[in-house]
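Each chain, written out:
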Amino acid sequence: MINVTKSYLPPYEEYENYVKKIWENHYLTNQGPLLKELEERLKSYLNLEYFQIVNNGTIALQIALHALDIKDAEIITTPFSFIATTNSILWENNKPIFVDIEDENFNINVEKIEEKITSKTKAILAVHVFGYPCKVEKIEEIANKHKLKVIYDAAHAFGCIYKGKSLLSYGDISTCSFHATKVFHMVEGGCIVCNNEVINDKVNFLKKFGYEGNNYKLVGINAKNSEFHSAMGLSVLDHIDEIIEKRKQITEKYNYLLNKDLKKPKFPNEFKYNYIYYPILFKNEEQLLRVFKALNDKEIYPRRYFYPSLNELPFFDKIICPVSENISKRIACLPLDPYLTEVNIEKICNIINNNL
Ligand SMILES: *Cc1c(COP(=O)(O)O)cnc(C)c1O
């Protein structure tokens, strides 16, 4: 069976070596030594100034909204993402205002943002879909003009470098997910990247029930991560360059073997990619379903990612985003993980090419 992804596991002894330290330190959670070590190493690997680990990428988004005081507001966002993006907006008592996407690389269409801004709009929450950068300069310009905050759900953007900077360094806050299915993982985890010390300090309180020592500063939540998760993170981080290189080779093999009619996102200039996903756009939904059936018959399971378009979720009144709806119906991510063999890539490509 070949799934859309297979989580990377480091050599067992290497994980064990980190876990041994937990027994030596007798420190299991609450900003322990392994978490601090991982935080420092990631901060320098990604070259970021303000960087905090939390327990998942969804709570990272919720804390980001909280830290920027965005509640009872309208938030401009994209319908083409994982459901956690929209859920975090709703969970924090805000209203998502969907702006359709562009078909070049499936990110929010910056030309359509301003027409949706009202007196209630307080923020733009955009997603670097599949790790491809949003039009960050234009978004910043719109946000400055209308005094809006910018949050990026950068769950896919670990290790992506755009115009010489980590993609996680853009916006007032960027969040990332370190879930087991992502390029870098700590089983469950995530991070919050701020662009100034005041917000970074607030996030530090929010993630720990809102207090430190005897200083009960604000209403917080528990978003701390554990030493065991950090041990996994450290032992995965030791291999991150190999992991990304392997994914790159698989991507290049797909590029070489797959029928050239299959459309792929446009690769931006001045960009270093992390090869997190291999999305392809079919001509229409029938073609997608036909290829899926042929692959599933051979126990190969790509994923319809993202489907459906989030504006079509049952708890919204009818909102129309034609581009996102159209792309959602015919896009899929192919299997991509460091364990995928050449033989299997060839098998997948043959089945796809023969069923278009
Ligand atoms: C994975 C993902 C998340 C959520 O991350 P978790 O760590 O699973 O909570 C949020 N947004 C996007 C776009 C994702 O792909």
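Residues numbered from 1 in each chain as written. Predicted model: local features only at pLDDT ≥ 70, side-chain atom pairs only at ≥ 80, totals over all residues. Heavy atoms only, no water.

J.: Just give me the short version of the site of the ligand, but keep the residues and values in it.
T.: If you check the shell around the ligand, you find 15 residues, and the closest are T58, D153, H156, S177 and K182. G57 is positioned such that a nitrogen or oxygen atom in its backbone is 2.8 Å from an oxygen atom of the ligand. Here K182 contributes a side-chain N or O atom positioned 3.2 Å from an oxygen atom of the ligand. Expressed as a share of its isolated accessible area of 380 Å², the protein-covered part of the ligand is 93%. Elements supplying a minimum of two residues to the shell around the ligand: α3 (57-67) and α4 (83-91). Considered class by class, the residues forming the shell around the ligand number four nonpolar, nine polar and two charged. (Near = heavy atom within 4 Å. Polar contact = N/O pair within 3.5 Å; in protein donor to acceptor, adjacent residues only side chain to side chain. Areas by Shrake-Rupley, 256 points an atom, 1.4 Å probe, with all protein chains shown as cover. Helix = DSSP H or I, 4+ residues; strand = E, 2+ residues; numbered from the N terminus. Nonpolar A, V, L, I, M, F, W, Y, C, P; charged D, E, K, R; others polar.)

J.: Tell me about unusual backbone geometry, residues and numbers included.
T.: F306 follows Y305 through a cis peptide bond whose omega is 5°. In this model, Y307 is joined to P308 through a cis peptide bond whose omega is 0°. Mapping P308 onto the fold places it in the loop between β15 (300-301) and α10 (322-330). In this structure, D69 takes a positive phi of about 60° despite not being glycine. Among the secondary structure elements, D69 is positioned in the loop between α3 and β3 (74-77). On the accessibility criterion, D69 (46% relative accessible area) is partly exposed. Despite not being glycine, K163 shows a phi value in the positive range, around 50°. (Buried < 20%, exposed > 50% of the residue type's maximum accessible area, 1.4 Å probe, protein only.)

J.: Quick one: what's the story with the side chain of N204, residue by residue and with numbers?
T.: Among the structural elements, N204 can be located in helix α6 (residues 197-206). Here the side chain of N204 touches E212 through a polar contact of 3.2 Å, side chain to side chain.

J.: Please provide a residue-by-residue account of the side chain of N225, values included.
T.: Here N225 lies in the loop between β12 (215-216) and α7 (227-237). The class of N225 is buried, set by a relative accessible area of 3%. Within polar-contact distance, the side chain of N225 engages the backbone oxygen of V54 at 3.0 Å.

J.: Explain the packing of aromatic side chains residue by residue, including any values.
T.: Throughout the structure, instances matching the rule amount to 28 aromatic pairs. Relative to F306, the ring of F130 has its centre 5.7 Å away and its plane inclined at 5°; by these criteria the two rings are stacked. Here F130, found in the loop between β5 (121-127) and α5 (136-146), pairs with F306, found in the loop between β15 and α10; they are 176 residues apart in sequence, far enough to count as distant. Neither F130 nor F306 differs from the other in exposure class; each is buried. Three or more aromatic residues joined by ring pairs form one cluster here, namely Y132, Y162, Y170, F267, F271, Y273 and Y275. The aromatic ring of Y307 is capped on one face by R304, whose charged end is 3.8 Å from the ring centroid. (Phe/Tyr/Trp six-rings, centres within 6.5 Å; stacked < 30°, edge-to-face > 60°. Lys NZ or Arg CZ within 6 Å of the ring centre and 35° of its normal.)

J.: Explain the domain arrangement of the chain residue by residue, including any values.
T.: Entries for the chain in the domain assignment read domain 1 (2-237) and domain 2 (240-354). Here the C-alpha centroids of domain 1 and domain 2 sit 24 Å apart. Summed over both sides, the interface between domain 1 and domain 2 buries roughly 4,300 Å², with carbon and sulfur atoms accounting for 68% of that surface. In this structure, the connection of domain 1 to domain 2 is made through zero salt bridges. Scanning the region where domain 1 abuts domain 2 turns up 20 residue pairs in polar contact (both at pLDDT 80 or more). Contributions of two or more residues to the side of domain 1 that touches domain 2 are made by β1 (2-3), α4, β4 (95-98), β7 (161-162) and α7. Top contributing element to the side of domain 1 that touches domain 2 by residue count: α4, with four residues. Its residues assigned to classes, the side of domain 1 that touches domain 2 comprises 29 nonpolar, 11 polar and seven charged. (Domains from an automatic or database assignment. Buried area = accessible area lost by both parts, 1.4 Å probe. Salt bridge = Lys/Arg side-chain N within 4 Å of Asp/Glu carboxyl O.)

J.: Quick one: what's the story with the environment of A84, residue by residue and with numbers?
T.: For A84, the location among the structural elements is in helix α4. Among the residues examined, A84 registers a relative accessible area of 9% and is labelled buried. Spatially, the C-alpha atoms of A84 and I59 are 9.2 Å apart, while their sequence positions differ by 25 residues. The contacts of A84, once residues within four sequence positions are left out, are T58 and L61. (Contact = heavy atoms within 4.5 Å.)

J.: Break down the sheet that holds β5 for me, with residues and values.
T.: With mixed pairing, the seven strands of this open sheet are ordered in space as β2-β10-β9-β6-β5-β3-β4. Both edges of this open sheet fall to β2 (50-54) and β4, since each of them pairs with a single strand only. On average, each strand axis in the sheet is tilted by 25° relative to the strand beside it, whichever way the strands run. Across three bridges, the pairing between strand β6 (residues 149-153) and strand β9 (residues 173-177) is parallel. Each bridged residue has a counterpart across the sheet, and for D153 the counterpart in β9 is T175. Across the sheet, α4 touches β3, β4, β5 and β6, and the angle it forms with β4 is around 140°. Sitting on the sheet, α5 touches β5 and β6, and the angle it makes with β6 is about 150°. (Pairing = 2+ DSSP bridges. Axes fitted to C-alpha atoms, helices over the stretch in contact; angles between N-to-C directions.)

J.: An account of the pairing of β6 is requested, with residue identities and associated values reported.
T.: Within β6, four of the five residues are buried, which leaves the element mostly enclosed by the surrounding structure. Sheet topology places β5 next to β6; five bridges connect them, and they run parallel. The residue bridging V127 from the neighbouring strand is D153, located in β6. Chirality of the crossover, the property in question, places the unit of β5, α5 and β6 among those that are right-handed. (Right-handed = clockwise from strand over helix to strand, strands pointing away.)

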